[in-house]
Amino acid sequence: MGGPCFAFYVSLLLMLGTQASAQIRYSIPEELKEGTVVGNVAKDLGLDITSLTDRRFRVVSGNKDALFEVNQNNGALYVSGHIDREELCQGSGACLMELKILVENPLEIHYVIVEITDVNDHAPSFPEKEQTFEIGEQTLSGRRFQLDTARDPDAGTNSIRTYTLTSNEHFDIDIRQSDEEKIPFLVLKKSLDREQKDRHTLLLTAVDGGKPQRSGKLNISIVVLDSNDNRPMFSQEIYQIEIQENVKIGTSIFQMNATDPDEGSNGEVEYSLGKTLRRKNNTIFELDKLTGEVRVKGLVDFEENDVYKLDIEASDKGTPPLTGECRLIIRIKDVNDNPPEIEVTSLSNTVAEDSKPGTIVSLLSVMDKDSGVNGKIILQISNDVPFELKPSYKENTYSVVTKGILDREQVSHYDITIKATDCGDPPLSTFKTLSIQISDVNDNSPHFQQNPLHFYLVENNLAGASIFSVSATDNDINDNAAISYHIVREGTQNDITSFINVNSENGHITALKSFDFETVKTFTFTVVATDSGTPSLSNNVTVNVFILDQNDNAPVILYPLSSNGSAEGVEEIPRNVNAGHLVTKVRAYDADIGYNGWLLFSLQQVTEHSLFALDRYTGQIRTLRSFTETDEAEHKLIILVKDNGNVSLSATATVIVKVVEPKEAFAASDVKSATNDDEDNNVTFYLMITLASVSALFIISIIVLIAMQCSKSTDYTSKYLQETNYDGTLCHSIQYRSGDKRYMLVGPRMSIGSTIVPGSHANTLVLPDRRRGSTEVRKIISIH
């Protein structure tokens, strides 16, 4: 039964208060057969044999292989496995096994001690069957040679008791006691003579104390060695040679030679490297023990070691062997096998663009593991950069300095390639690249692409809305390129800039009021762009703003005079007038300019179309034929005056024409002329002033516009003029070019002889074509 069950029963026994009974001891020899009865343990314990089965009488053992069991029928303890004392117990002490006997109802546990006694079941044995000794013939008597010790696992008297040696005249046996072990020694009691006998064979026997005794044997061979009285000799105590580094592995570099005057094996020489040889040397060179040839075994590196010293021994094959020594000194010649090395001692990765020439950027040191000329180094910058090398007071130490003016806006980054070349043959080179960033300095003012700037703003703009923007660039970066804008204000009472505002961040310009072309046609202000550098830099731009006209003024009738919101006049003409007679002239003006101010007259309503004609451009009313008796005496003409804006504006005038007899007409004309002369003179004067002002402003605007367009190369369509569907030849025009287009601006003066047929709504001006001799309609507003 296993350990956990046993622990359970022990605890149960303690709980019930039952005590373990007496202890019994048995003694048996090892190697008993299985089934052998050790003793009747039930009887010895005083147990009822008839109740053993019911009480589950058994041996409790924790071992997997139980060596003992009990018979529940008769209570006998018997052997159930192979018992080997040497396996169970090491050493010569008592070998005891404790058995636990358990019964139940009531629960009892008993301890039985079984002593395993030794049996001489092992014979002494030696680790080897034969042992050989080489002893020189000149060895003095009394010399001791330790023999192999025999082993016997048995204990007590069954272990090894003594050693015996076969009888001879030269050797004897001596036994030394060491603790429980006996160590045999072979003792030379008489000198050997190789000439009489060169080999002796002996037999050593180890005997134990068992009955019967057991023994083991060891064969001993004694080889008598010849006397060797001459040692090998080298011709020199020190040899010196010179080789180049990087010699190929396996190359023979020297031949050792030692001589020995002895004959036979005493004169045969073998070579070996001395024990004082450095361990590193042993991995680089090797020595052939038979020929004495020294060969390269590993890498020979001058930079690691420029000289090697090998101690070499020459031994003959005598007995005992004699040796001779010498030293081989190997000097290594340098080869240019190491490129220069560049070490960056310090490096400023960032250099300000305003650094003065001579500013130190980096410190370098160079070295070459080679020596002599092979270690001399030439250092240079191999690419074209504004930097140069300056040697330091210390050899092979250099500084990289600036040699010119740096400009980050031109080049913001440099890769400086340093080349180091030694003076070997062939030379070896090394390259090192230094990456240098040029840091920004606020050395660039904000820049406007164009100065002055011209902007066109249509009148009646929305107050508070952005009308255009200015933009400057700065070649610097970060804060040095962060631009803010402001307007230079004059501070006067009529300063137009008080109505203009600029966004300081993006340059968007906002009009705080709506502009009227008829009041302000152009104005100029200055915008300053300032960067955020320290100190800050600024630049300004002049902004010319041209207000573009919109058709926001309706025509105003000057004659006939307006009263009560309408213009109406009465004209009397004789009945006998001929065709083409000037009845009257409708006069009007428009505060707008260009097409917006170009007025066209048309008959909106007439009582008789065959009698009157209206000049479309001058407003003159003339008769088309003579009056007849059947014609009405009063005619009403409603004249529509409209401008040429995209969305045209208009006004109307009413003219009442009364046809009178010639005498009445003359009388009326005399009376009327007196009053009309003054009125006509005043109206004409005001009309002339108005037309002169409008024409002057129009001509100035056109000249400025033409000058600006001619100076520009960009192609854009003028907002100032818009193409209308007008056909005809104009007497007064101004041509200008914008990009690849040519434009013609039409003035207000028209041909005197141009007429419009009454009732016609066409905008066609009919003029004679002098080149072709015929009349045709031509469109000349824009020429591509």
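Let us look at the structure shown here.

**A look at the pattern of salt bridges**
In step 1: On inspection of all chains with the given rule, the structure shows 17 salt bridges.
In step 2: Linking Glu268 and Lys317 is a salt bridge whose minimum nitrogen-to-oxygen distance equals 3.1 Å. Here the residue Glu268 occupies a position in the loop between strand 18 (258-259) and strand 19 (269-273), and Lys317 occupies one in the loop between strand 22 (307-316) and strand 23 (323-333), the gap between them amounting to 49 residues.
In step 3: Judged by relative accessible area, which is 36%, Lys317 ranks as partly exposed.
In step 4: A salt bridge links Arg295 to Glu286, with the shortest nitrogen-to-oxygen separation between them at 3.6 Å.
In step 5: Shared partners join several salt bridges into a network, and the residues in it are Glu286, Asp288, Glu293 and Arg295.

**A word on the state of the cysteines**
In step 1: Taken as a whole and judged by the stated rule, the model has one disulfide.
In step 2: A sulfur-sulfur distance of 1.9 Å marks the disulfide that ties Cys89 to Cys95. Between Cys89 and Cys95, the S-S torsion sits near 65°, and that sign places the bridge as right-handed.
In step 3: Owing to a relative accessible area of 17%, Cys89 belongs among the buried residues under this scheme.
In step 4: Judged by its relative accessible area of 1%, Cys95 is buried.

**Some details on the nonpolar core**
In step 1: Counting residues in each nonpolar core, the largest one holds 30 residues, and the members touching the most others are Val470, Tyr485, Phe523, Phe525, Val527 and Val543.
In step 2: Counting residues per element, the ones that place at least two in this core are strand 33 (453-458), strand 36 (483-488), strand 37 (500-502), strand 38 (508-511), strand 39 (522-531), strand 40 (538-548) and helix 5 (662-711).

**Digging into the side chain of Arg408**
In step 1: Assignment of secondary structure puts Arg408 in the loop between strand 29 (397-402) and strand 30 (413-422).
In step 2: Other than its neighbours up to four places away in sequence, Arg408 contacts Glu353, Ile438, Ser439, Asp440, Asn475, Asp476 and Ile477.

Definitions and limits used
Residues numbered from 1 in each chain as written. Predicted model: local features only at pLDDT ≥ 70, side-chain atom pairs only at ≥ 80, totals over all residues. Heavy atoms only, no water. Salt bridge = Lys/Arg side-chain N within 4 Å of Asp/Glu carboxyl O. Helix = DSSP H or I, 4+ residues; strand = E, 2+ residues; numbered from the N terminus. Buried < 20%, exposed > 50% of the residue type's maximum accessible area, 1.4 Å probe, protein only. Disulfide = S-S within 2.5 Å. Core = buried A, V, L, I, M, F, W, Y, C linked by side-chain atoms within 4.5 Å. Contact = heavy atoms within 4.5 Å.

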